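# Coordinate inspection notes
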Amino acid sequence: MGIVGAGPAGLLLSHLLARQGIESVVLESRSREYVEQRVRAGVLEHPTVELLREVGLGERLDARGLPHEGISLRFDGGDHRIDFTDLVGRGIVVYGQQEVVKDLIAARLADGGEIRFEVSNVRIDGVTEDPLIHFDDGSPQEMHCDVIAGCDGFHGVSRAVVPHTVFDRLYPFAWLGILAQAAPTHHELVYAGHARGFALYSMRSPEVTRLYLQVPPDTDADTWSERRIWDELGVRLAADGFTLNEGPLIEKGVTGMRSFVAEPMRHGRLFLAGDAAHIVPPTGAKGMNLAVADVRVLAEALTGLLRHGDETGVDAYSQTCLRRVWRAEHFSWWMTSMLHMGEDDDPFTRRLQLSQLRQTVSSRAAATTLAENYVGLPHGSI
Ligand code: APR
Ligand code: PHB
């Protein structure tokens with residue numbers, strides 16, 4: 001079995017298959033250091049946390065992860081808490097994606113798993129007859145596989161091998177994200193829908209705050225000085241009794257926002273999983289969780305196929321995943337639309353947003369819908 005990409009999708013798939021006695025080789029174009037340091041998402045939904053614990057990956061997660069029982073929506077100068085525990089009886093854990101990646105790499109290597117870092121020129125062939133991966137690791141190599149998993153992210157090579165239809169949307173804004181050496185002053189995430197644009201207050205540890213500002217899509221991060229970033233965060237996140245600890249920046253970068261789905265997620269013996277097949281804007285914190293949900297379904301399906309010759313799971317793979325994918329697409333689009341200011345938004349649009357925000361924080365039914373989607377729908381329930 002060949003897996004292209006050592007992000008959360010590829011590494012977790014390799015780990016889940018190994019537990020079923022199925023060997024795989026993971027091919028990654030970057031170095032181990034690079035994938036372990038790359039700062040990405042940070043929210044693990046409930047089903048993700050449960051799965052990681054179940055498969056022996058809970059130790060560092062439980063020691064270092066920050067369990068949260070709710071989030072705040074902040075608008076019109078007011079703060080409104082959505083209490084997940086009260087509404088749906090489950091919460092989330094804030095734990096950086098690169099920490100999940102570190103845990104997975106350590107587990108694979110400890111179990112004798114094979115991850116080839118810094119390979120180049122990966123090319124996939126023969127997926128309807130005799131699947132084959134060509135790559136270079138200093139010299140040209142060929143790897144014949146029963147099955148190939150394309151877990152190589154949005155810019156990988158796998159998706160192009162699957163004849164597919166694209167459904168997508170680009171948003172007229174981006175996020176400027178910073179990681180700051182500053183103790184969080186608030187114990188949960190704050191999503192602010194300010195008239196000047198969206199802001200998000202998050203964290204990574206008791207010493208490190210993660211913050212985002214909505215900016216125009218073509219923004220050069222260098223045009224935002226530290227002072228300007230802190231001042232703008234102060235304005236957009238302002239609420240009674242709320243202060244922001246400032247501190248030196250560890251990281252600063254701009255991320256575009258898009259929604260994207262490629263259908264189907266399979267061609268012959270090639271299966272796409274994670275960002276290779278779909279992208280969500282980060283507002284719903286679903287990207288890494290969808291990658292995990294895909295490979296959970298894929299590992300079960302491949303166990304059926306490779307251990308028992310049962311094709312039922314693989315035949316249903318794409319449809320099963322796409323139901324959850326579209327739920328997350330809708331949720332992420334909805335959160336994004338409710339909280340961001342488009343350049344061309346008129347006062348009518350702003351009033352609709354405020355009405356939607358007010359309903360979400362004042363109706364238990366509406367708040368429950370947000371909570372249920374945010375903490376994640378149970379495996380197999382959708
Ligand atoms: N050959 C080998 N490896 C490749 C290639 C290639 N041609 N192209 C990309 N890769 C590697 C990337 O370097 C990366 O390590 O594939 C990996 C894909 O990992 P991710 O982009 O993290 O994607 P995925 O595992 O699906 O996880 C989705 O990542 O982008 C975030 O927010 C997103 O949290 C979500 C998560
Ligand atoms: C983060 O901490 O990086 C984060 C949290 C919530 C989001 C997006 C990003 O919706």
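A brief structural summary.

## A few points about helix H6 (residues 97-110)
For H6, with 14 residues, the first-to-last C-alpha span of 20 Å sits near the 20 Å given by 1.5 Å per residue. Within H6, 10 of the 14 residues are buried, which leaves the element mostly enclosed by the surrounding structure. When we look at burial in H6, the residues that qualify are Gln-97, Gln-98, Glu-99, Val-100, Val-101, Asp-103, Leu-104, Ile-105, Ala-107 and Arg-108.

## Focus on the packing of aromatic side chains
All told, the structure shown has 12 aromatic pairs when counted by the stated rule. Between the aromatic rings of Tyr-191 and Phe-198, the centroid separation amounts to 6.1 Å while the plane-to-plane angle is 40 degrees, which identifies the pairing as tilted. Each member of the pair, Tyr-191 together with Phe-198, is buried. The ring of Phe-242 carries the charged tip of Arg-74 above its face, separated from the ring centre by 4.2 Å. Over the ring of Tyr-374 we find Lys-286; its NZ or CZ atom is 5.7 Å from the centre of that ring.

## Considering the site of ligand 2
In the vicinity of ligand 2, the residues found are Val-43, Trp-175, Leu-189, Tyr-191, Leu-200, Ser-202, Arg-204, Arg-210, Tyr-212, Pro-282, Thr-283 and Ala-285. The side chain of Tyr-191 places a nitrogen or oxygen atom 2.7 Å from an oxygen atom of ligand 2. At a separation of 2.8 Å, an oxygen atom of ligand 2 approaches a polar backbone atom of Pro-282. Coverage of ligand 2 by the protein amounts to 97% of the 280 Å² it exposes when considered alone. Residue assignment for the shell around ligand 2 shows that the elements contributing at least two residues are strand S14 (189-194), strand S15 (197-205) and strand S16 (208-215). For the shell around ligand 2, the leading source of residues is S15, giving three residues.

## Considerations on the pairing of S16
The buried fraction of S16 amounts to eight of the eight residues, a majority that puts the element mostly inside the structure. Alternating positions in S16 separate into two faces, Val-208, Arg-210, Tyr-212 and Gln-214 on one and Thr-209, Leu-211, Leu-213 and Val-215 on the other, with burial throughout. Sheet analysis places strand S13 (residues 165-181) next to S16, joined by eight bridges and oriented antiparallel. Looking at the pairing, Ala-174 lines up with Val-215 of S16. Bridge analysis of S15 against S16 gives six bridges, and the strand direction is antiparallel. Following the sheet pairing, Ala-199 is matched in S16 by Leu-213. What sits between S15 and S16 in their antiparallel hairpin is a turn of two residues.

## Regarding helix H9 (residues 312-339)
Along its 28 residues, H9 runs 41 Å from first to last C-alpha, staying within 8% of the 40 Å computed at 1.5 Å per residue. The axis of H9 is deflected most strongly, by about 40 degrees, at Ser-318.

## Remarks on the sheet that holds strand S10 (residues 132-136)
The three strands are arranged S9-S10-S11 in an open sheet whose pairing can be described as antiparallel. The outermost strands of the open sheet, each flanked by one partner alone, are strand S9 (120-125) and strand S11 (140-144). Between one strand and the next, the sheet's axes are offset by a mean angle of 15 degrees, whatever the strand orientation. Two strands pair when backbone bridges link them, and S9 and S10 are joined in this way by four bridges, in the antiparallel orientation. In the sheet register, Ser-120 faces S10, and the bridge partner there is Asp-136.

Cut-offs applied
Residues numbered from 1 in each chain as written. Chains lettered and ligands numbered in written order. Predicted model: local features only at pLDDT ≥ 70, side-chain atom pairs only at ≥ 80, totals over all residues. Heavy atoms only, no water. Helix = DSSP H or I, 4+ residues; strand = E, 2+ residues; numbered from the N terminus. Expected span 1.5 Å × (residues − 1). Buried < 20%, exposed > 50% of the residue type's maximum accessible area, 1.4 Å probe, protein only. Phe/Tyr/Trp six-rings, centres within 6.5 Å; stacked < 30°, edge-to-face > 60°. Lys NZ or Arg CZ within 6 Å of the ring centre and 35° of its normal. Near = heavy atom within 4 Å. Polar contact = N/O pair within 3.5 Å; in protein donor to acceptor, adjacent residues only side chain to side chain. Areas by Shrake-Rupley, 256 points an atom, 1.4 Å probe, with all protein chains shown as cover. Pairing = 2+ DSSP bridges. Bend = angle between axes of the 7 residues up to and from the residue. Axes fitted to C-alpha atoms, helices over the stretch in contact; angles between N-to-C directions.

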